Structure formats: C-alpha cells, structure tokens
Amino acid sequence: MAPAAPMGRGGSRAAPAAAAPPWHVLPDEVWEHAFSFLPADSDRGAAAAACRSWLRAERRSRRRLAVANCYAASPQDAVDRFPAVRAVEVKGKPHFADFGLVPPAWGAAAAPWVAAAADGWPLLEEISFKRMVVTDDCLEMIAASFRNFQVLRLVSCEGFSTAGLAAIAAGCRNLRELDLQENEIEDCSIHWLSLFPESFTSLVTLNFSCLEGDVNITVLERLVTRCHNLKTLKLNNAIPLDKLANLLRKAPQIVELGTGRFSADYHPDLFSKLEAAFAGCKSLRRLSGAWDAVPEYLPAFYCVCDGLTSLNLSYTTVRGPELIKFISRCKKLQLLWVMDLIEDRGLAVVASSCNKLQELRVFPSAPFDAAEQVSLTERGLVDVSASCPMLESVLYFCRRMTNEALITIAKNRPNFTCFRLCIIEPHTPDYTTHQPLDAGFSAIVESCKGLRRLSVSGLLTDIVFKSIGAHADRLEMLSIAFAGNSDLGLHYILSGCKSLKKLEIRDCPFGDKPLLANAAKLETMRSLWMSTCSLTLGACRQLARKMPRLSVEVMNDPRRRCPLDSLTDESPVETLYVYRTIAGPRFDTPACVQIV
Amino acid sequence: MELELGLALPNPHQPLAGGGELVGLLSGSAGACGKKRVFGDAFGASKATLLPLFVPEDGDGGGGDRDGVDHDPSNKKKRLEGWPPVKCARRRSCGGGYVKVKMEGVAIGRKVDVSLHGSYQELLRTLERMFPSANQQGAGADADHAEEEEEVASHERRRRHPYVVTYEDGEGDWLLVGDDVPWEVFVKSVKRLKILA
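Residues numbered from 1 in each chain as written. Chains lettered and ligands numbered in written order. Predicted model: local features only at pLDDT ≥ 70, side-chain atom pairs only at ≥ 80, totals over all residues. Heavy atoms only, no water.

Peer 1: How do you make sense of the overall build of chain A when you look at a structure like this?
Peer 2: What chain A contains, in helices and strands, is 21 helices and 23 strands. Computed over the C-alpha atoms, the radius of gyration of chain A is 26 Å, within 12% of the 25 Å expected from 2.2 N^0.38 for a compact globule of 596 residues. Its C-alpha atoms put chain A at 75 × 70 × 70 Å along the principal axes. Counting contacts in chain A only where the partners sit at least 6 residues apart, residues at least 24 apart contribute 71% of the total. Accessible area for chain A stands at about 24,400 Å²; split by element, carbon and sulfur atoms hold 52% of it. (Helix = DSSP H or I, 4+ residues; strand = E, 2+ residues; numbered from the N terminus. Rg over C-alpha atoms; globule rule 2.2 N^0.38 Å. Contact = heavy atoms within 4.5 Å. Areas by Shrake-Rupley, 256 points an atom, 1.4 Å probe, with all protein chains shown as cover.)

Right, here's the structure in full:
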C-alpha cells in the first residue's frame, strides 16, 4: 500500500488537506480486501508478519488454508487463528509412506481435523486430505456438519469404505466435486452412487477410479445424465467398454475422462460405437485410465487427439507402434505420463511431435525385474529435453545414465523446476565411464536455477552434495537414496540449500555429526526423513533437547517395541522423522514410534 | 530366476549381499549367493514347496533354516524395502500378486505381494511382521532380552494366540490358508486375506 501523495524532489511532500486517514489506521476491512488479491499463501503469511493490525486483518479474512503437515499445528490452533476458512487442505504421512516405509497405524488421523472444523468452520466448503487416515465416521461428520459443502478431495488416504461415500452422497446437497485419488477404499457393497438424490444435479467432478468394487451402471448413467455441468469423470475398472460409450453419449461436454478398464475383444461394432461416442466429445482435453488397452481400439480415440493437452497412459501396457502412432497425433500435449514401454524410439517421436510438452513422467513396467527388457535409456530423455522447450518437470525411471547425457540435458533445459531421476539399480555409475554421476547432477543444479524439486540416484559421492548445497538456491524438496560416502554429504546439504523445506534420505552413510551441527536449519524446514542411515539414539536425544520446537520421532522394527528409556545412546536408529511444530509432541503414536 | 524385491522378508532363495546392493542372481551364478545353493539349482525350476502349516516357529531362526539361510537380523536391513520408489497401486498393475490383508479388529488393512513369497511359511512370517500381535506390542521388558530370548518368548506367545489366516479364492469362498492347496495354486487363486484374531 503506497502512500497516496508523491514524494517531491528535495524534501517534504505536501500532505493533502483533510479527508484521507494515514494508511496505518485504515480499517481492517480495507486490508482484508487488499489481501484478497494476494493469491499465494506465502504472500499472505508475509503480510501477516508485517504488524499486528495486518496480522489481525489477514488471519480473519483468510479463506483458504493449507496445512502441509497435520502435526505442525493442532486443529484447534488452525480454527482459532483462521476463523473464516472456507477451504482447507491437510497432509499427513511423510512422502515415503507411498513406498511402504512408514509403519502401519503411524498416525495422521483426519478425525481431529474434521471435529475441529465441524465446530469452528460451519461454512466450510472444501476439504482436501492427503496421506491421512479418514474413517467412515469422518465422512459422516462431514456430510452432517457443513451445509454448503462442495468439494471433497481424498488423495492416498485409507480407513474408509463405500459406506462413508454413501453418507457423502446422501448428505451433501451442494456437492460439486468428489475426487478420490489412489485411496484404499474398503468395498462394503453399498450402492453409494444410488444415494445421490434424483434432485441432485450439481456434480462437476466425479473421480472414483481407485474404487475396486462394482458400481451400478444404470445409476451412474442417470447421475451423469442429470449433472449437466459434469466436466471430469474418472471411472474405475468395473465399467466395460460398451458402457463407457453410453456414458460418453450422455456427457459429451466432458473435459477430463478416466476410462477405467479399456479392454475387450475386438468387435467392429463396438469400435464404431466408441469412435462415434468420442467424436461427440468436442471438449475433451485430458485423458487417463487403467488401460489394459487393446491396440485395435486406440484409433477410436484419434478424433480427440488433436485437442488433448494431458495424457496419462501410465497404466497402459500397449507397446510400440500403436502407442507411438497414438501419441504422435497429440500435438498439443502439455502433460504426458507413460510406461517405459514407449522406449527411446517412442520418446524420439514425442520429442518431434509434442513440442508444447511441459511435464513428462516415465514409469517402470517391470520395476522388480533386473533383466533389461525394455529399451529405455538416457537417450529418450536427452531427445525430449532437446526438442521440447517448455519442458520443466520430469520423473524418469531408467536403468542406465551417463554424465554426458545429464550435462546435455542441463544445457538444453535450464528451465527445469522439477527433476526426478530414478536409476533403478542403486549405485549405478555412468555406464560408459564407470564414474559416479556427480558431474551430471551438478550440471543440473548449476544450470537450472529455478529447480524446486530434485531426486537423485545412481552412484554418487559427497561431491554432488557440495554442488547441490552451493547452487540449488530455490530447491524446496530433495530426495536422496543410496548415495554419498560420508557425513560431509549431509552437511553440505543442510548448510546450503537456502530454500529447503523437505529432505528425505534413505540408505546413505550419514551420521550424527551433520545432523547436530545443523540443528537450527531443521527449524527452517518442514520436515526431515532419514531411514537406514547411521544415526544413533544419543544424537536424536541431543537434537530433541537442543531444539524444543522440533518433534523428533524415532521408528524401529515394528516387531520390537522400543521403550526408549532403556536403550543406550549408542543404539542405532532405523528411521528418524523430524518436523517443526507449534503443537508439542503428539499422543497418537503406535508402539514402534517414539517421540524423543 | 528373477530377482525379487519388495515388502517381503528376505527370500531365503535369494538373499541380498552387501550393503543394499542388488546382486545379479541369474541362475547359474551360484557364487553370488554365497554359502547356499540357489533353490532352482537344487530342486529344479519349480519354486513350489509344500510345507506344513502352523508349525510353531519363531520369527527369525526357525523354519527358514532348513535352507541354511543366514537369518541374521542385520540381513533384514539390507533388504530393499520400498525400492524402486513406485506406489502400491502401480506395483499391482505391474503384475505380481498384491492382495489386501485385513486383520479382525484392526481398522486399517494392508497389502502384501503374495507372489514374492515362496511358501506359506514365508507369507505367515510377513503377516506376523505386518500385524504384530497385541501381546508383542504390549510386552514391556522384552526388548531388554537378548534376541534369542525374545524369540523364545514370542514363540510362546504365538502358541498361546496363534493367528488364523483365511483367504478368499477366485470363486468368492473363504478358506483356511494352507488347507491341502499347493502353494502355487494358492498364489494364483488368492484374492484377499483375512486374519482372525
């Protein structure tokens, strides 16, 4: 808020006579209005830190709240501080929970958040939970507590069943979005879809792709027919191809489609039916699905290829020519997720056809099979990074890499914001020189000044961490596995990386010293995960003593109970999870997790 | 023989050597397996072995020793759990026999890749690890005892409170795990598991 009067040259400005009050006593409503133009939470947070009146105005008008770690603050803290919230997002378990590294029943219960919200935010419209335990009771409470509830997004959650979904369907009259992504949902064979009343027509997004059970297709058809604003529809595996065609005819306005099971014996009639159905979907821009796709059916999609901006074929086992032919027609693609079955030659076609590409993810079709069956190498990534000038986000699983390739990629694409490379076999060196891949990853961080997320892999020494620490100024999230040779590696990271928020490390020879030497850094970060490193309990104890605003959690083998008091300082620690919190230690840990 | 990685305990047929490194275990490279023969070399291609079920055994040093495998707990650290970093749903679609496991009285179910195990014995061991019994969790002083004593103690506990593991087959019937069904047949037909407390 700049002062209204201009600064005159050489001295005092002429204050206008009378009316306008000095800016620092403007009423809160003015600030609230001003802050409503700040889109980013971080900007609002910065404004709130300026002075008390801004703090008051900002927090009382905050509508959207993102809690990146559910244990960083208590639900009551959140509700008290931000009483006007209409949309809340809460994240729970650490990222490595996705790969089974977090013990069962670790925590991240959604119930306390739902309870506090029900009490303090009756006007709440949107809830988003990620990696949390959401029960049917939670869902029932949501359905009963918020009169204008509109958006429910559950990502990588567990603990609920179709009974909970039934409560949502029956109780949320104004629901616009039901978005279920990669959750573990117990199938209680309740026909939850039928519980959307006949009068209910407000759905814009319906995503039940992760549901494993059957769905009443007639009910689904009726629902889709009456929800004229439906833009996103993502089906599960229970919907056969011919029913898909029917659904598409009822919802030609669809923008995003997840096809579910796309597999059937080839029949020309069914092909024509599908082709005609897709031809009617003139607005379709994003396509995904668990395709056991039969190649003969792919041409049915050709008519929509022109308009597609997003294509998620990461569950498709179609290989070779049909796949490549299909993708090469999608010239406007911005996002492509695909299996490594595309191989280098397919990526070469992507490189030449899809030059608007911004995000590429290549997943392993056979992650646990050491035999190399698929010809996907560093070549594919080099090609795409050379020809796609807007490419900024990459996740790439492969089995070999060279420093030269990485250096070339870094030179071609200084605009990377997210670079995640996973060389499947740990400790794999540059396959031509047999050197560590330090030079390659160093080139990436030196060239890509806007890099926010990085995952490294292959054979790496402490040298690469020196580069990362020194150059990756904007890096917020770093994942390290099977890398480094000494404490120095960790020290370089923690003493550098100015913007680091999340650090996750597994199977590295990092010990106590760098952790303790950089204890203060941990309070500037959201969280640190270290598993199968060289930590001792004594260091964790010291850390906890030194840094009271950190929660230091230690996890060991779930079968061994670890009453910490009886263990010596020298005892090794299998897993350490440290995070800053204003809520103090939590009380919902299972037996194998202890707060030091 | 394929190299198998995953959530399972070290496959006694293919231990991992060294600090977490994968060792190429193509059949014939017996030297890579250290002191024991690769199962396939000893018994031919079939991995199936019908072992009696519910044999009271302790967690680490018991039944598996018949292969002469080193079940030193430090080996468990070298198992590459959660690597490569692909989400569970993706592992399922990559083939393999991921099935859901629920235990009576436990709210949250888990998943286990049945096809990564070679026998009922191994599967049970994995299940015990995933669902430590209430007794194991409740006991206070055991962690002070030596490894061996703990195993004896847990062996005792298990005799008092054995798990009963059931599974749903392709026809939707619930059967007792191990009932006269060869392991390989079981792996193909199992849809999900339930542990009765």
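Peer 1: Help me understand the confidence of the model for chain B, please; the structure alone is not making it clear to me.
Peer 2: Residues and elements named next belong to chain B. Per-chain confidence: chain B averages 59 in pLDDT, with 41% of residues scoring 70 or above. When the criterion is pLDDT under 50, residues 1–79 qualifies, and its contacts beyond four places in sequence or with other chains add up to 151 contacts. Across residues 135–146 the pLDDT falls below 50, and counting only partners more than four positions away or on other chains, this stretch makes 22 contacts in the model. Interface scoring of the predicted complex returns ipTM 0.87; its pTM is 0.81. (pLDDT = per-residue confidence, 0-100.)

Peer 1: Whenever I open this one, the sheet that holds strand 5 (residues 192–196) of chain B confuses me. Can you help?
Peer 2: Residues and elements named next belong to chain B. On the basis of which strands lie adjacent, the open sheet formed by 5 strands has the order 2-1-5-3-4 and mixed pairing. The strands lining the two open edges of the sheet, one partner per strand, are strand 2 (110–113) and strand 4 (174–176). Taken over all neighbouring pairs, the strand axes of this sheet differ in orientation by 30° on average, direction set aside. Against the sheet, helix 4 (residues 120–130) contacts strand 1 (98–103), strand 2, strand 3 (164–168) and strand 5, and its axis sits at roughly 155° relative to strand 2. (Pairing = 2+ DSSP bridges. Axes fitted to C-alpha atoms, helices over the stretch in contact; angles between N-to-C directions.)

Peer 1: Would you take a moment to explain the nonpolar core for this structure?
Peer 2: Side chains that are nonpolar tend, in soluble globular proteins, to be buried together. In terms of nonpolar packing, the biggest core is built from 199 residues, with Phe129, Leu206, Phe326, Ile327, Phe419, Ile468 and Leu503 of chain A touching the most fellow members. Among all residues touching isoleucine 327 of chain A, those that are not within four sequence positions of it are Leu311, Leu313, Leu333, Leu336, Val338, Ile342, Val350 and Cys354 of chain A. Among the nonpolar cores identified, the runner-up in size contains 21 residues, and Val112, Tyr120, Tyr163 and Val165 of chain B belong to it. (Core = buried A, V, L, I, M, F, W, Y, C linked by side-chain atoms within 4.5 Å. Buried < 20%, exposed > 50% of the residue type's maximum accessible area, 1.4 Å probe, protein only.)

Peer 1: So what exactly am I meant to see when it comes to the UniProt feature "domain: Transport inhibitor response" (unreviewed entry) in chain A here?
Peer 2: If you check UniProt for "domain: Transport inhibitor response" (unreviewed entry), the listed places come out as residues 83–129 of chain A in our numbering. The distance separating the terminal C-alpha atoms of residues 83–129 of chain A is 19 Å; by composition the span is 21% helix and 19% strand. (UniProt positions renumbered as here; feature names shortened; annotations may be inferred.)

Peer 1: Just checking my understanding: could you explain the pairing of strand 1 (residues 64–67) of chain A for this structure?
Peer 2: Residues and elements named next belong to chain A. What you see with strand 1 is a clean split: Leu65 and Val67 sit on the buried side and Arg64 and Ala66 on the side with no burial. Relative to strand 2 (residues 87–91), strand 1 is paired through 4 bridges, and the arrangement is parallel. Bridge pairing links alanine 66 to glutamate 89 in strand 2. Traced from strand 1 through helix 4 (residues 75–81) to strand 2, the parallel crossover comes out right-handed. (Right-handed = clockwise from strand over helix to strand, strands pointing away.)

Peer 1: It is not clear to me how the packing of helix 16 (residues 438–447) of chain A against helix 17 (residues 462–471) of chain A should be interpreted in this structure. Could you clarify?
Peer 2: Helix packing geometry: the angle between the two helix axes and the distance between the axes. All names here are of chain A. Put simply, helix 16 and helix 17 touch, their axes get as near as 9 Å, and they point 5° apart. Taken together, the axes of helix 16 and helix 17 lie roughly parallel to each other. Mapping the contact onto sequence places Asp438, Phe441, Ser442, Val445 and Glu446 in helix 16 and Ile463, Val464, Ser467, Ile468 and His471 in helix 17. Considering only residue class, the contact of helix 16 with helix 17 consists of 5 nonpolar, 3 polar and 2 charged. (Parallel < 35°, antiparallel > 145°, perpendicular 65-115°, else oblique. Nonpolar A, V, L, I, M, F, W, Y, C, P; charged D, E, K, R; others polar.)

Peer 1: Would you explain the side chain of arginine 62 of chain A in this entry?
Peer 2: Residue and element names in this part refer to chain A. Here arginine 62 lies in the loop between helix 3 (52–61) and strand 1. Engagement of the side chain of arginine 62 in a polar contact is seen with the side chain of glutamate 58, the distance being 2.6 Å. Beyond its immediate chain neighbours, meaning those up to four positions away, arginine 62 contacts Asp41, Arg44, Gly45, Phe82, Ala84 and Val85. (Polar contact = N/O pair within 3.5 Å; in protein donor to acceptor, adjacent residues only side chain to side chain.)

Peer 1: What exactly am I supposed to notice about the pattern of salt bridges here?
Peer 2: Think of it this way: side chains of opposite charge can pair up when their charged atoms draw near. Residue and element names in this part refer to chain A. Counting across every chain of the model gives 30 salt bridges over all chains. Notably, a salt bridge pairs glutamate 58 with arginine 44, separated by 2.6 Å at the nearest N-O pair. On the criterion of sequence distance, the pair formed by glutamate 58 in helix 3 and arginine 44 in helix 2 (residues 41–48) is long-range, its members being 14 residues apart. The exposure classification of glutamate 58 matches that of arginine 44, with both residues buried. The residue aspartate 179 makes a salt bridge to arginine 153 at a minimum N-O spacing of 3.7 Å. Here aspartate 179, found in strand 6 (residues 177–181), pairs with arginine 153, found in strand 4 (residues 151–155); they are 26 residues apart in sequence, far enough to count as distant. Beyond isolated ion pairs, a larger network of salt bridges with shared partners links Arg153, Arg176, Glu177 and Asp179. (Salt bridge = Lys/Arg side-chain N within 4 Å of Asp/Glu carboxyl O.)

Peer 1: Can you walk me through helix 13 (residues 343–353) of chain A in this structure?
Peer 2: The periodicity of an α-helix, 3.6 residues per turn, causes residues three or four positions apart to be oriented the same way. Those residues of helix 13 of chain A lying buried are Glu343, Asp344, Gly346, Leu347, Val350, Ala351 and Ser353 of chain A. Taken together, the buried residues of helix 13 of chain A touch helix 12 (320–328), strand 13 (335–339), strand 14 (359–363), helix 14 (378–387) and strand 15 (393–398) of chain A.

Peer 1: Would you mind going over the confidence of the model for chain A with me for this structure?
Peer 2: Interpretation of this model should avoid reading the predicted coordinates in detail wherever pLDDT is low. Predicted confidence across chain A gives a mean pLDDT of 92, with 95% of residues reaching 70 or more. In this model residues 1–8 of chain A is a low-confidence stretch, pLDDT under 50, and it forms 9 contacts with partners more than four residues away in sequence or in other chains.

Peer 1: What's the story with the pairing of strand 18 (residues 477–481) of chain A in this structure? I'm lost.
Peer 2: Where a strand is regular, its side chains alternate between the two sheet faces. All names here are of chain A. The buried fraction of strand 18 amounts to 5 of the 5 residues, a majority that puts the element mostly inside the structure. Burial of the side chains of strand 18 extends over both faces: Met477, Ser479 and Ala481 are buried on one face and Leu478 and Ile480 on the other. Bridge count for strand 17 (residues 453–455) against strand 18 is 3 bridges, and the pairing is parallel. Residue pairing in the sheet places serine 455 in a bridge with serine 479 of strand 18. The β-α-β motif built from strand 17, the intervening helix 17 and the parallel element strand 18 has right-handed crossover chirality. Where strand 18 lies against strand 19 (residues 502–506), 5 bridges are found, and the strand directions are parallel. Its bridge partner being in strand 19, serine 479 is matched across the sheet by glutamate 504. Traced from strand 18 through helix 18 (residues 487–495) to strand 19, the parallel crossover comes out right-handed.

Peer 1: What's the story with the UniProt feature "domain: COI1 F-box" (unreviewed entry) in chain A in this structure? I'm lost.
Peer 2: In this numbering, the UniProt entry assigns the feature "domain: COI1 F-box" (unreviewed entry) to residues 26–63 of chain A. Summarising residues 26–63 of chain A: 68% helix, 0% strand, and an end-to-end C-alpha distance of 21 Å.

Peer 1: What should I look at first to understand the packing of helix 8 (residues 217–226) of chain A against helix 9 (residues 241–250) of chain A in this one?
Peer 2: Residue and element names in this part refer to chain A. It is at 9 Å that the axes of helix 8 and helix 9 come closest, and there the two elements cross at 20°. Classified by the interaxial angle, the pair formed by helix 8 and helix 9 is roughly parallel. Crossing of helix 8 against helix 9: the hand is right-handed. Where helix 8 approaches helix 9, its residues Ile217, Leu220, Glu221, Val224 and Thr225 are matched on the opposing element by Lys243, Asn246, Leu247 and Lys250. (Left-handed = near helix turned anticlockwise from the far one by under 90°.)

Peer 1: Looking at this structure, how should I read the state of the cysteines?
Peer 2: Residue and element names in this part refer to chain A. Under the defined criterion, the tally for this structure stands at 0 disulfides over all chains. Unpaired in terms of disulfides, cysteine 227 finds its nearest cysteine sulfur in cysteine 172, a separation of 14 Å. We classify cysteine 227 as buried; its relative accessible area is 1%. The cysteine cysteine 303 is free of any disulfide, with cysteine 305 supplying the nearest cysteine sulfur at 7.8 Å. (Disulfide = S-S within 2.5 Å.)

Peer 1: How should the packing of aromatic side chains be read in this particular structure?
Peer 2: Any two aromatic rings considered together are summarised by their centre-to-centre distance and by the angle between their planes. The full count for this structure, using the stated rule, is 29 aromatic pairs over all chains. An aromatic cluster is present here, built from Tyr71, Phe96, Phe99, Trp106, Trp529, Tyr577 and Tyr579 of chain A joined pairwise through their rings. Looking at arginine 586 of chain A, its charged tip hangs above the ring of tyrosine 71 of chain A, at a distance of 4.4 Å from the centre. It is lysine 194 of chain B that lies over the ring of tryptophan 174 of chain B; its NZ or CZ is 5.2 Å from the centre. (Phe/Tyr/Trp six-rings, centres within 6.5 Å; stacked < 30°, edge-to-face > 60°. Lys NZ or Arg CZ within 6 Å of the ring centre and 35° of its normal.)

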